[in-house]
Amino acid sequence: MKRTWHILVGVLLIVTAAHAEFRAGIAVRAVTPDPLLPVSGGVGPSRAVDKKLGDLTVRALVLADAQTKVAFVSADFLGFPSVLGNKVRALVKGIPGENILIGATHTHSAPDCYGFPNGKGGTDADLKYLDSVCQRMAEAINEALAKAQPASLKIATGEAKGKIAFNAYADRLYDPRCSVIQAVGADGKPFATLVNYAVHPEVLGSGQGVCSPDLIGPLYDHLAAKGAGTGIFMNGAQGGMVTADNRGPDGKDLRTWAECERIGRLLGDEALRIVEKAPEQKSPRLICEARTISFPVDSQTLRAVMAASPLGLGTKDTARVSTQLNLVNVGNAQILTIPGEALPNIGYYLKRNMRGEHNLLFGLTNDAFGYILTRVDWGSFKRYDYVSRTCLGEKTGEILIEEALRFVAESPAPEKLK
Ligand SMILES: [Zn+2]
């Protein structure tokens, strides 16, 4: 009898230790430039601003167990190229660089992180400012790791309902699914909520003289106000052209801060509704893998951007670019990164072939190489002229799909709850 007790106590201790091993932490830094800088909504010169609405932030959610540490990072910019991401990775000691996933929210009202040509033989990017952003992003990751606390996760996927997004090229061709990963502390209260949803935060855009996180700022404020802790938004497959539905009664975009607030709050409420009843995963298994893939650069537009940038984007001859792809299993969810703006049909196909009970795509993550189209879409509809021109080339979509699904097939599957 006594012996059985010892074994039982031993088993309980092991189980408790396993539970206590999983930790999560989140940290934020504000990166609104002071004084304000011009903002970029795409290739070309930046536009002057004279005010801000909300603050630009960089955020890091760190997940850790005894073996693995992973950081999900989100930044309020149009894109965050790996040349900057690698500076950040070099400043983080506690997490391997390949386990740091850096995504951009894709706000169209923040300073240029690429060094786009400004048409006057230079660029409007402010390299000193970008250095300070890298510093603060690394600080956020280091702080999130340092304060990681024992946590369980609630993970859920559902349709985000209401007037949030639509496809500006063809109304209903978008993915309304929203996935949520919420970290719950030992006190039973959530302290971090990750929202994964595909949308262009371009309600305000770059033409109104405003620096802003767009609808993502009000999303974060609302999550915090509702007791969901610190929010972090990771975009999805929002290319060609899934955008924020801020259409007024006449069908034209309203482009107001009130619409940013309405959409941000609605997305926040929907995310919390979706995750509310999810079971708590006490010691979710955590795996993070990385591999490098490369794409030919056929687009003249993107070649010119890479060649002109003072940041050193791409390779010297700009004929090919390589980038980091990540696959993360956490609990019953699987996450795959996309280094750009995949069209929603690619998103559906990848999610359908992934192996989690929840499949998340982190778009614009680790790099943002423009739009990602399959070859049957590339150069097709007149409507696709712009996204074809700003796609690396005709093969981009197929290369991504093939490499991503091989990665999925060659990696372990996440655990199952059902
Ligand atoms: Zn875009």
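Description of the structure in this document. Keep in mind the model is a prediction, meaning the values are calculated, not measured. (Residues numbered from 1 in each chain as written. Predicted model: local features only at pLDDT ≥ 70, side-chain atom pairs only at ≥ 80, totals over all residues. Heavy atoms only, no water.)

Some details on the coordination of the zinc ion
Phase 1: Coordination of the zinc ion by the protein comes from H106 (NE2), H200 (NE2), E341 (OE) and Y371 (OH), over a distance range of 2.0 to 2.6 Å.
Phase 2: Around the zinc ion, the four donor atoms sit at angles spanning 90 to 172 degrees, and that spread fits a shape best called irregular.
Phase 3: Coordination of the zinc ion draws on donor residues from a single chain, spaced H-x93-H-x140-E-x29-Y in sequence. Taken together, the residues span a long stretch of sequence, with H200 in the loop between β9 (190–197) and β10 (210–211) and E341 in strand β17 (residues 341–342) at a distance of 141 residues.
Phase 4: A relative accessible area of 0% means that H200 is categorised as buried. (Donors = N, O, S within 2.8 Å, 3.2 Å for Na, K, Ca; no water. Tetrahedral: all angles 85-135°; square planar, octahedral: opposite > 155°, others 65-115°. Helix = DSSP H or I, 4+ residues; strand = E, 2+ residues; numbered from the N terminus. Buried < 20%, exposed > 50% of the residue type's maximum accessible area, 1.4 Å probe, protein only.)

Remarks on the state of the cysteines
The term disulfide refers to a covalent linkage connecting the sulfur atoms of a pair of cysteines.
Phase 1: Enumeration according to the criterion identifies zero disulfides in this entry.
Phase 2: Of all cysteine sulfurs in the structure, the one in C113 sits closest to C134, which takes part in no disulfide; the separation is 8.1 Å.
Phase 3: The thiol sulfur of C288 is not disulfide-bonded, and the nearest other cysteine sulfur, from C134, lies at 20 Å. (Disulfide = S-S within 2.5 Å.)

Notes on the pairing of strand β5 (residues 100–104)
Phase 1: Across the five residues that make up β5, a large majority, five, are buried.
Phase 2: Residues I100, I102 and A104 of β5 are buried on one face, and the alternating residues L101 and G103, pointing to the opposite face, are buried as well.
Phase 3: Summarising the sheet, strand β4 (residues 69–75) and β5 pair through five bridges and their orientation is parallel. Note on β5: the bridge partner recorded for V73 is I102. (Pairing = 2+ DSSP bridges.)

Examining the pattern of salt bridges
Phase 1: Tallied over the full model, the rule gives 16 salt bridges.
Phase 2: Close ionic contact of R29 with E139 constitutes a salt bridge, the shortest N to O distance being 2.8 Å. Taken together, the residues span a long stretch of sequence, with R29 in strand β1 (residues 23–30) and E139 in helix α3 (residues 127–146) at a distance of 110 residues.
Phase 3: For E139, a relative accessible area of 36% puts it in the partly exposed group.
Phase 4: A salt bridge links E143 to R29, with the shortest nitrogen-to-oxygen separation between them at 2.7 Å. Here E143 is found in helix α3, whereas its partner R29 is found in strand β1, with 114 residues between them in sequence.
Phase 5: What you see here is one network of salt bridges that share partners, running through R29, E139, E143 and K147. (Salt bridge = Lys/Arg side-chain N within 4 Å of Asp/Glu carboxyl O.)

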